[in-house]
Amino acid sequence: MLSVLRGVRSLVSVLLVGLYFVLMSPVLRLVVIPLVYFFPGQRFRQIGWFMKAMSAGILALLRVGGARARRVGTIPTAQPVLIVANHQSLTDILQATLASTPRVPAFVTRRRYERFVPLVSACIRLVGCPMVDPRRDPEAAVTAVRRGARELPHGLLLFAEGHRSRDGRILPFRSAGLLAALEERSLPVYLMLNDGAWRVATLADLLFRAHLIDAYSEVIGPFDPPRNPAERPAFVRMLRETLVTRLDEHRQEKTSA
């Protein structure tokens, strides 16, 4: 009976998130997009406050379904930075958006999200997210990441594993894009550790399992990338090892608490 009640509560929270999308759509279409059009120099400010409002609202509504979320640390995005995160669930983007200040970083995303996803597609285009399809065109994916590192003024977020982890452990890095970004521009590197939401990785999972979300995100860094190209692969390995070590420590802390 308890599991049924939790499922119903989760479904209610997801329906509320859907309603929130409906209510915020006119704000995007009638306020944000016109402001970006008439004041292009304020584009990142305008899309930033909207994405932060969306992220905070979604997490608040998921809490109705029993979800929990907390963040430790902030990512300074007044200047360009490179953010490397592990990937567990849909909440990772929400957490990174809220942890970043004052602006929202762009994030490398799959090309299939470029169109026809309500609000999301418009936001990723406005913030300038590099669109990639690494399976069909890996060379173009690397080029898109390189261009993002070079041009984006408030940082670039990469999920270096390439896809979501199914068991919460940190997968091997697919380092081509990360190495290309480091080669293109020497930027401070921040790590973002994500944990606690891997059981609810997809929208289908979310419908009846929001109560399983216990999202924790922690900012680590900054790290200065090496100037010598020969040292960059070792630097990337160090970044992954740092995430792996901190994930183990966090889980031990949580168990002993």
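Quick note: structure is the one above.
Owing to the predicted nature of the structure, the values given are computational and were not obtained by experimental measurement.

Novice: Explain the packing of helix H6 (residues 176-184) against helix H8 (residues 232-256) to me, please; I cannot follow it from the model alone.
Specialist: Think of two packed helices as two axes; the pair is described by the angle between the axes and how far apart they sit. Two elements in contact, H6 and H8, have axes whose closest approach is 10 Å; the angle formed by their N-to-C orientations is 120 degrees. Relative to H8, H6 is oriented oblique. Note that H6 runs across H8; the crossing there is right-handed. Of the residues in H8, those touching H6 at Leu-178, Leu-179, Leu-182 and Glu-183 are Arg-232, Pro-233, Phe-235, Val-236 and Leu-239. Taken together, the residues of the contact of H6 with H8 sort by class into seven nonpolar, no polar and two charged.

Novice: Honestly, the sheet that holds strand E10 (residues 214-223) in this entry has me stumped. Any pointers?
Specialist: Hydrogen bonds along the backbone pair up the strands of a sheet, which may run parallel or antiparallel. If you trace the six strands from one edge of the open sheet to the other, you get E1-E10-E9-E3-E8-E5, paired in mixed fashion. The open sheet has two free edges, formed respectively by strand E1 (68-72) and strand E5 (106-107), since each of these has just one partner strand. With two bridges joining them, E5 and strand E8 (residues 156-159) adopt parallel strand pairing. Bridging across to E8, Ala-106 finds its partner in Leu-156.

Novice: Help me understand unusual backbone geometry, please; the structure alone is not making it clear to me.
Specialist: Trans is the common state for peptide bonds, and a negative phi is the common state for residues other than glycine. A cis amide bond links Thr-101 to the next residue, Pro-102, at an omega of 5 degrees. Structurally, Pro-102 is set in the loop between strand E4 (100-101) and E5. Following Gly-221, the chain continues into Pro-222 via a peptide bond in cis, with omega recorded as 15 degrees. Here Pro-222 lies in strand E10. With phi around 70 degrees, Phe-116 is a residue other than glycine that occupies positive phi space. Positionally, Phe-116 belongs in the loop between strand E6 (109-110) and helix H4 (120-127).

Here is what the cut-offs are and how they apply
Residues numbered from 1 in each chain as written. Predicted model: local features only at pLDDT ≥ 70, side-chain atom pairs only at ≥ 80, totals over all residues. Heavy atoms only, no water. Axes fitted to C-alpha atoms, helices over the stretch in contact; angles between N-to-C directions. Helix = DSSP H or I, 4+ residues; strand = E, 2+ residues; numbered from the N terminus. Parallel < 35°, antiparallel > 145°, perpendicular 65-115°, else oblique. Left-handed = near helix turned anticlockwise from the far one by under 90°. Contact = heavy atoms within 4.5 Å. Nonpolar A, V, L, I, M, F, W, Y, C, P; charged D, E, K, R; others polar. Pairing = 2+ DSSP bridges.

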